[in-house]
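# Descriptive structure summary
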Amino acid sequence: MLVSGKEILEVANKIGFAVPAFNAGSGQLLEGVMRACEELQSPVIIAIHPDELSFLTDSFVDQVKYYANHTKVPVCIHLDHGASFEQVIHAIHLGFTSVMIDASHLDYEDNIAISKKVVEAAHATGVSVEAELGTIGDTGDSIEGGVTEVIYTDPNVAEGFVKETGVDSLAIAIGTAHGLYPDYLDPKLRLDILDEIAEKVEIPLVLHGGSSNPDKEIASAVEKGINKINISSDIKIAFLDAMKEVLKNGGKELREPNTLFPECIEATKQVAMDKIKLFKSDNKVALYYK
Ligand SMILES: [Zn+2]
């Protein structure tokens, strides 16, 4: 069932769990996460970053739509880190049901202006909008980018931002970073800031860079009001590790995709299932049919 971002997050916000947003950078990753969601009956956000979209080409969106239309699992097709009004409009035209406008690197006023403009256009077509306030760190060559240092979201500013822009969900910076953390960097979530934001902001809150934070921290972030968690690196690393094994053990005749990829898809599925359980989004599909 294809749903909007607002629809998929509303239930999570009400009940208190987080919907996983998996970056499906290929058809195989998509297959892996969809199998996990089917098996555990979890709603899912299929996140596609503009760089992923230009690699996969626009036709990939139809593939995601096909999955959405042939499953009872609620599926939202989400533009991850839309960088401009044009990118957002392109995504809406393709049939995305949710878009992120990431203007967090701009001045506060400019962030408000473009987020507002996107909300006006997106809401006119029933598409939901996520914006970002504060900046999420970046640990290396992740497609989402970011900054090397985190600028934490100011809870007071967040409240005003949501009111002024009318966004449906808000990505906040509380100490996560895109990509995997190097050994010398100890990721620490500022859960106290999350508490303050959750008290002031009623719309669903989003955590980016959720890969490789300790499970315990992620679990308490969910408890404290995070309703969407982006997972990109963790599923891609699982896929790649499985691929390395296949290549090592496969011999010289290895070439057919249908012999190369099944184990990689299975590895992706396993990691996705771990995340679903951690986010408490398992067995939630039935809630969307009441
Ligand atoms: Zn992100």
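Quick caveat, the model's predicted, so the values are computed rather than measured. (Residues numbered from 1 in each chain as written. Predicted model: local features only at pLDDT ≥ 70, side-chain atom pairs only at ≥ 80, totals over all residues. Heavy atoms only, no water.)

### A look at the packing of aromatic side chains
In plain terms, the rule: Any two rings among Phe, Tyr and Trp, with Trp reduced to its six-membered ring, count as a pair given centres within 6.5 Å; such a pair is stacked if its planes are under 30 degrees apart, edge-to-face if over 60, and tilted if neither. The numbering of helices and of strands both runs from the N terminus, where a helix is a DSSP run of H or I of at least 4 residues and a strand a run of E of at least 2. A simple rule labels every residue: compare its accessible area, found with a 1.4 Å probe on the protein chains alone, to the largest value its type can have, and call it buried under 20%, exposed over 50%, or partly exposed in between.
Applying the stated rule across the entire model yields two aromatic pairs. Residues tyrosine 108 and phenylalanine 161 carry aromatic rings whose centres are separated by 6.2 Å and whose planes lie at 50 degrees to one another, so their mutual orientation is tilted. Here phenylalanine 161 lies in helix α7 (residues 155-165) and tyrosine 108 lies in helix α6 (residues 108-123), a separation of 53 residues in the sequence. The exposure class of phenylalanine 161 is buried, given its relative accessible area of 0%. Ring geometry for phenylalanine 239 versus phenylalanine 261: centroids 6.0 Å apart, planes at 35 degrees, classification tilted. Of the two residues, phenylalanine 239 sits in helix α10 (residues 233-249) while phenylalanine 261 sits in the loop between α11 (257-260) and α12 (262-278), which places them 22 residues apart along the sequence. Since its relative accessible area comes to 13%, phenylalanine 239 is described here as buried.

### Some words on the pairing of strand β2 (residues 44-48)
For the record, the criterion: Strand pairing is assigned whenever DSSP detects at least two bridges linking the two strands. When the strands point away from the viewer and the connection leading from the first strand across the helix to the second strand turns clockwise, the crossover is called right-handed.
By the criterion of burial, β2 is predominantly enclosed, with five of the five residues buried. Residues Val44, Ile46 and Ile48 point to one face of β2 and Ile45 and Ala47 to the other, with burial holding for every one of them. With three bridges joining them, strand β1 (residues 19-23) and β2 adopt parallel strand pairing. Paired with phenylalanine 22 across the two strands is isoleucine 46, which belongs to β2. Handedness of the crossover is the feature at issue here: the chain leaves β1, passes through helix α2 (residues 27-40), returns alongside β2, and the resulting connection is right-handed. Relative to strand β3 (residues 75-82), β2 runs parallel, the two being bridged by five bridges. Within the sheet, the bridge partner assigned to isoleucine 46 lies in β3 and is isoleucine 77.

### Here's the deal with the side chain of threonine 71
How we decide: Whenever two N or O atoms come within 3.5 Å, that pair is a polar contact, provided that in protein one can donate a hydrogen and the other can accept it, and provided that, for residues adjacent in sequence, both atoms are side-chain atoms. Every residue pair with non-hydrogen atoms within 4.5 Å of one another is taken to be in contact.
Residue position: threonine 71 is located in the loop between α4 (59-69) and β3. Among the polar contacts listed, one links the side chain of threonine 71 to the backbone nitrogen of valine 73, at a separation of 3.0 Å. Apart from residues no more than four positions distant in its own chain, threonine 71 is found in contact with Met1, Met34 and Glu38.

### Observations concerning the pattern of salt bridges
Stated precisely, the cut-off is as follows: Each reported salt bridge corresponds to a side-chain nitrogen of Lys or Arg within 4 Å of a carboxyl oxygen of Asp or Glu.
Counted by the stated rule, this structure contains ten salt bridges. One salt bridge in this structure joins aspartate 195 and lysine 224, with 3.0 Å as the shortest N-O distance. You can see aspartate 195 sitting in helix α8 (residues 191-200) and its partner lysine 224 sitting in the loop between α9 (215-223) and β10 (226-231), a full 29 residues away along the chain. Residue aspartate 195 is classed as partly exposed on the basis of its relative accessible area of 34%. For lysine 224, a relative accessible area of 29% puts it in the partly exposed group.

### Notes on the packing of helix α5 (residues 85-94) against α6
Axes are the key here: two packed helices are described by the angle between their axes and the distance separating the axes. What counts, and what does not: Between the N-to-C directions of two axes lies an angle of 0 to 180 degrees, each axis being a line fitted to C-alpha atoms and, for a helix, fitted only over the stretch in contact. Here the angle decides the label: under 35 degrees means roughly parallel, over 145 means roughly antiparallel, 65 to 115 means roughly perpendicular, and every other value means oblique. Crossings are sorted by hand: turned counterclockwise from the far helix by less than a right angle, the near helix makes the crossing left-handed, and turned clockwise it makes it right-handed. Three residue categories are used. Nonpolar comprises Ala, Val, Leu, Ile, Met, Phe, Trp, Tyr, Cys and Pro, charged comprises Asp, Glu, Lys and Arg, and polar comprises the others, including Gly.
For the pair α5 and α6, the least separation of the axes is 10 Å and the interaxial angle reads 20 degrees. Considering the angle they form, α5 stands roughly parallel to α6. Crossing hand, α5 versus α6: right-handed. In this structure, α5 contributes Phe85, Val88, Ile89 and Ile92 to the contact, and α6 contributes Ile114, Lys117, Val118, Ala121 and Ala122. Tallied by class, the residues present in the contact of α5 with α6 amount to eight nonpolar, no polar and one charged.

### Some thoughts on the pairing of strand β7 (residues 169-172)
Regular strands place side chains that alternate from one sheet face to the opposite one. Residues of β7 alternate between two faces, with Ser169 and Ala171 on one and Leu170 and Ile172 on the opposite face, all of them buried. As paired strands, strand β5 (residues 128-133) and β7 are joined by four bridges and run parallel to one another. Across the sheet, glutamate 130 pairs through a bridge with serine 169, a residue of β7. Here β7 runs beside strand β9 (residues 205-207); their pairing, made up of three bridges, is parallel. Looking at the pairing, leucine 170 lines up with leucine 205 of β9.

### Quick notes on the packing of α2 against α10
Two numbers describe how α2 lies on α10: the axes approach to 11 Å, and their chain directions differ by 110 degrees. Between α2 and α10, the angle falls in the class roughly perpendicular. Here Gln28, Leu29 and Val33 of α2 lie close against α10, whose contacting residues are Ile235, Lys236 and Phe239. Classifying every residue of the contact of α2 with α10 by side-chain character gives four nonpolar, one polar and one charged.

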